[in-house]
Amino acid sequence: MARIVVDPVTRIEGHLRIEAQVDGGAVSDAWSSGTMFRGIELILRGRDPREAWIWAQRICGVCTTVHALTSVRAVEDALGVEVPENARIIRNIIAGTQHVQDHVIHFYHLHALDWVDVTLALKADPGKTSQLAESISDWPKSSKNYFKAIQDRLKALVASKQLSLFSSGYWGHPAYHLPPEANLLAVAHYLEALEFQREFIRIHAVLGGKNPHLQTYLVGGMSTAMDPNEPQATINPERITFLSELASKAQEFVDKVYIPDVLAVASFYPDWFGRGENLGNFLSYGCFPQGSIKDPTRLFLPRGIIMNRDLSKVHPFDPANVTEYVTHSWYNYSDGDQKAKHPFEGETNPKYTGPKPPFEHLEVEQKYSWLKSPRYQDQPMEVGPLSRMLVAYASGHQEVKDLVNAALGKLNAQPTALFSTLGRIAARAIEAQLLARHVSKWVDELGANLAHGDLRIHNGEKWDPDTWPREAKGFGFHEAPRGALAHWVQIEDKKIKNYQCVVPTTWNAGPRDANGKRGAYETSLLKTPIADPERPVEILRTIHSFDPCLACAVHVVDAQGRKYRVLKAS
Amino acid sequence: MSAPRAASTVVLGLGNVIHSDDGAGVHAVQRLKETPDLPQDIDLIEGGTLGLSLLPYLWDAVRIVVLDAVDVGQPPGTIVRLSGDEIRSLRGSVSVHLVGLADLLGALQLVANPTQEITLLGVQPASTEWGTELSQEVQAAIPQLVRAARELLCRWSQPLEQAAG
């Protein structure tokens with residue numbers, strides 16, 4: 001019996017730590033710990049609610065836009081503001097773009113190296129790699145010379161010892177099963193994905209301003225200028241054409257590179273359709289409103305709950321049923337830590353009681369995480385692309401059903417295979433495929449409105465705080481790329497009185513609750529075989545399949561022990 | 001403004017402004033934007049903690065200045081300079097969500113970016129706890145950091161023969 005510690009899971013110190021008990025070559029129990037205090041709630045208290053999104057978007061390093069969107073929605077919900085149709089569409093385009101971009105980056109740049117042995121790519125035959133590429137897709141970059149050039153570049157990098165991006169893999173581990181040619185193909189597409197993101201993210205530059213943090217949100221709509229006759233306006237016919245072109249290219253990349261690669265990699269790892277299985281409880285708030293956000297039936301990705309793997313029934317979702325425990329979290333509730341609280345009654349009173357670092361093991365019988373434990377009707381839930389696709393599938397969403405069935409058909413797998421590590425990866429790719437198509441459609445809708453002279457983009461009725469009630473509270477939701485995201489805001493005397501965020505990774509990575517029920521990560525690791533406890537790539541495969549995001553955090557460059565020059569004050 | 005096409009010189013401010021001194025690089029780049037007489041055609045980017053997502057902004061950059069909080073074990077507010085391989089050898093990370101600076105630079109190499117010069121101007125933080133204000137020490141050091149960045153940019157903008165002399 002051995003205790004494996006993976007910390008940090010993302011190789012960033014102080015964010016996510018997994019402790020796993022290994023018995024007879026498999027995980028017998030696991031604990032997930034967020035090791036970084038998240039105090040955004042304390043920062044927002046007392047501020048103007050119209051500015052909350054500017055701070056909220058800094059909660060997370062990469063998910064900036066999802067927090068901005070959720071924050072303006074929470075305040076709009078509190079104040080009873082409906083946004084104009086153009087603002088709704090632009091928000092869908094921005095968020096849809098974010099999903100596609102994020103899913104591609106996740107697969108190629110975070111997750112692929114858990115499955116792809118880069119060092120084996122050096123041994124690949126470029127001619128056979130070309131044959132493999134052409135057998136799975138008609139993507140044009142597939143010649144023998146192309147793969148030879150990629151391999152030469154990789155060789156040069158290895159020779160120069162500047163392979164820092166790839167330095168973390170467990171190269172040569174027996175759990176890697178891809179033939180050399182598939183590894184080379186994946187490396188080529190790793191590089192192409194970098195180029196893909198460079199082009200595709202220009203959609204955000206058009207709609208959100210040049211700064212990487214989008215600047216155009218407003219409570220009540222957007223600040224993006226629309227004018228059919230103004231060459232300087234952000235949205236004019238020329239820009240619509242430009243956005244359409246970018247969206248079409250993204251669709252082609254997802255259809256011809258991302259999807260075939262996921263299916264090809266999955267076909268070499270069939271065991272992983274039976275591993276990483278989770279609670280069987282899936283939650284989706286739904287997102288991408290096609291009409292008023294107050295009408296859940298108009299959400300493009302449906303809202304709902306699946307319990308106990310039962311795809312025959314989708315339960316309705318009610319935000320009143322969301323609660324959070326702190327029984328095993330480093331917080332105190334004023335009336336005791338055994339009972340869960342709804343976010344409107346939520347408290348953020350940090351109290352660290354864990355061992356003093358550096359330490360060997362967490363005190364898992366006591367408190368062991370900076371994450372709270374969210375529950376729905378007192379049950380742990382999984383959130384993310386798999387939850388969204390399953391809720392859509394079970395709700396009879398025809399387009400999702402067709403895409404899921406097509407992927408399962410190629411893999412010769414049943415829908416129950418989706419309850420797994422590979423299921424999460426496949427669902428993410430399928431969602432990217434779905435949303436890449438719909439970004440194109442939303443751009444067309446925006447273009448049609450522009451052509452018809454509908455230029456309204458901001459509803460300023462409730463902009464003036466004198467129009468607000470003395471007290472108000474609101475629920476803002478979005479499905480971020482990595483899962484259900486919600487902000488709860490309470491406004492009193494024109495200021496924020498309380499603000500609580502329940503983020504996707506808290507749902508998935510949270511610790512046990514007062515009843516001892518494990519969170520999603522903790523459950524999904526049970527029974528995972530571990531070939532080599534010193535190199536637990538199997539744990540990373542499942543945890544990374546959730547797309548963990550605990551980067552709500554600090555970014556100090558650690559240069560201790562490095563050469564540097566001190567500049568004297570002049 | 002339609003696209004994040006990188007200019008040949010890019011100033012990248014890194015860090016999270018809700019973690020007090022962690023955001024020093026972003027504060028500095030904001031201050032630099034207000035500085036008169038900056039050389040033309042420089043992109044000033046508030047990079048936050050966006051990691052690999054910043055790649056498009058650096059894609060074509062020939063010269064890069066990174067402004068960031070750097071833990072070098074010096075007294076808070078100390079300004080330090082690292083360049084070239086000193087930066088590339090900093091600890092990397094595989095997380096795309098908080099990808100290390102070294103990884104961002106590694107990715108630049110993979111995409112055959114033409115960077116010839118890269119300098120990191122850093123400030124030793126006092127605190128990276130939650131908060132939107134800089135510590136007194138780091139606040140006091142920001143003008144020096146901005147001045148150092150401006151001097152570097154001016155030097156880079158001179159014709160080569162002058163810079164050599």
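K.L.:
Help me get a handle on the overall build of chain A, residues and values and all.
P.N.:
Tallying secondary structure elements over chain A gives 16 helices and 16 strands in all. For chain A, the C-alpha radius of gyration of 24 Å lies close to 25 Å, the compact-globule estimate for 570 residues. With respect to the principal axes defined by its C-alpha atoms, chain A has extents near 70 × 70 × 60 Å. Across chain A, contacts joining residues at least 24 apart in sequence account for 73% of those joining residues at least 6 apart.

K.L.:
Before we move on, could you go through the packing of helix 8 (residues 180-200) of chain A against helix 10 (residues 237-267) of chain A and cite the residues and values that matter?
P.N.:
Residues and elements named next belong to chain A. Contact geometry of helix 8 with helix 10 gives a least axis separation of 11 Å together with a crossing angle of 160°. For the element pair helix 8 / helix 10, the angle class is roughly antiparallel. The hand of the helix 8/helix 10 crossing is left-handed. Between helix 8 and helix 10, the residues in contact are Ala182, Ala186, His189, Glu192, Phe196, Glu199 and Phe200 and Leu246, Lys249, Ala250, Phe253, Val257, Asp261 and Ala264, respectively. Residues belonging to the contact of helix 8 with helix 10 are distributed by class as follows: 9 nonpolar, 1 polar and 4 charged.

K.L.:
Lay out the pairing of strand 10 (residues 322-325) of chain A in plain terms, naming residues and giving numbers.
P.N.:
Residue and element names in this part refer to chain A. Here strand 10 shows two buried faces, one formed by Val322 and Glu324 and the other by Thr323 and Tyr325. As paired strands, strand 10 and strand 11 (residues 373-376) are joined by 4 bridges and run antiparallel to one another. If you follow Tyr325 over to strand 11, its bridge partner there is Ser373.

K.L.:
Tell me what's going on with the environment of Lys123 of chain A, and back it up with residues and numbers.
P.N.:
Mapped onto the secondary structure, Lys123 of chain A falls in the loop between helix 5 (118-121) and helix 6 (126-136). Expressed as a C-alpha distance, the spacing of Lys123 of chain A and Ser223 of chain A, which sit 100 residues apart in the sequence, is 53 Å.

K.L.:
Describe the pairing of strand 3 (residues 26-34) of chain A, and please don't skip the residues or the numbers.
P.N.:
Residue and element names in this part refer to chain A. Bridge count for strand 2 (residues 16-23) against strand 3 is 8 bridges, and the pairing is antiparallel. Of the residues in strand 3, the one forming a bridge with Glu19 is Trp31. The antiparallel hairpin formed by strand 2 and strand 3 contains 2 residues in its connecting segment, where Gly24 sits at a positive phi of about 55°.

K.L.:
Before we move on, could you go through the confidence of the model for chain B and cite the residues and values that matter?
P.N.:
Residue and element names in this part refer to chain B. Confidence in the prediction for chain B averages 82 pLDDT; 84% of positions are at 70 or higher. The lowest-confidence element of chain B is helix 6 (residues 160-164), averaging 48 in pLDDT; the highest-confidence one is helix 5 (residues 136-157), averaging 95. Low confidence marks residues 92-99, where pLDDT is under 50. Its contacts with residues over four positions away, or in another chain, come to 46 contacts. Across residues 161-165, where pLDDT falls below 50, the model places 2 contacts with residues more than four positions away in sequence or in other chains. Scored as a whole, the predicted complex attains pTM 0.91, and scored at its interfaces, ipTM 0.81.

K.L.:
Describe the sheet that holds strand 14 (residues 495-502) of chain A, listing the residues and the values that go with them.
P.N.:
All names here are of chain A. Spatial strand order, 12-13-14: 3 strands in an open sheet with antiparallel pairing. Each end of this open sheet is capped by a strand with a single partner; those strands are strand 12 (471-480) and strand 14. If you compare each strand with its neighbour and ignore which way they point, the axes differ by 15° on average. When strand 12 meets strand 13 (residues 483-492), the two strands line up antiparallel, connected through 10 bridges. Looking at the pairing, Phe477 lines up with Ala486 of strand 13. Packing against the sheet, helix 3 (residues 64-79) makes contact with strand 12 and strand 13, and its axis sits at approximately 145° to strand 12.

Cut-off values and rules
Residues numbered from 1 in each chain as written. Chains lettered and ligands numbered in written order. Predicted model: local features only at pLDDT ≥ 70, side-chain atom pairs only at ≥ 80, totals over all residues. Helix = DSSP H or I, 4+ residues; strand = E, 2+ residues; numbered from the N terminus. Rg over C-alpha atoms; globule rule 2.2 N^0.38 Å. Contact = placed C-beta atoms within 7 Å. Axes fitted to C-alpha atoms, helices over the stretch in contact; angles between N-to-C directions. Parallel < 35°, antiparallel > 145°, perpendicular 65-115°, else oblique. Left-handed = near helix turned anticlockwise from the far one by under 90°. Nonpolar A, V, L, I, M, F, W, Y, C, P; charged D, E, K, R; others polar. Buried ≥ 20, exposed ≤ 12 C-beta atoms within 10 Å, placed from the backbone. Pairing = 2+ DSSP bridges. pLDDT = per-residue confidence, 0-100.

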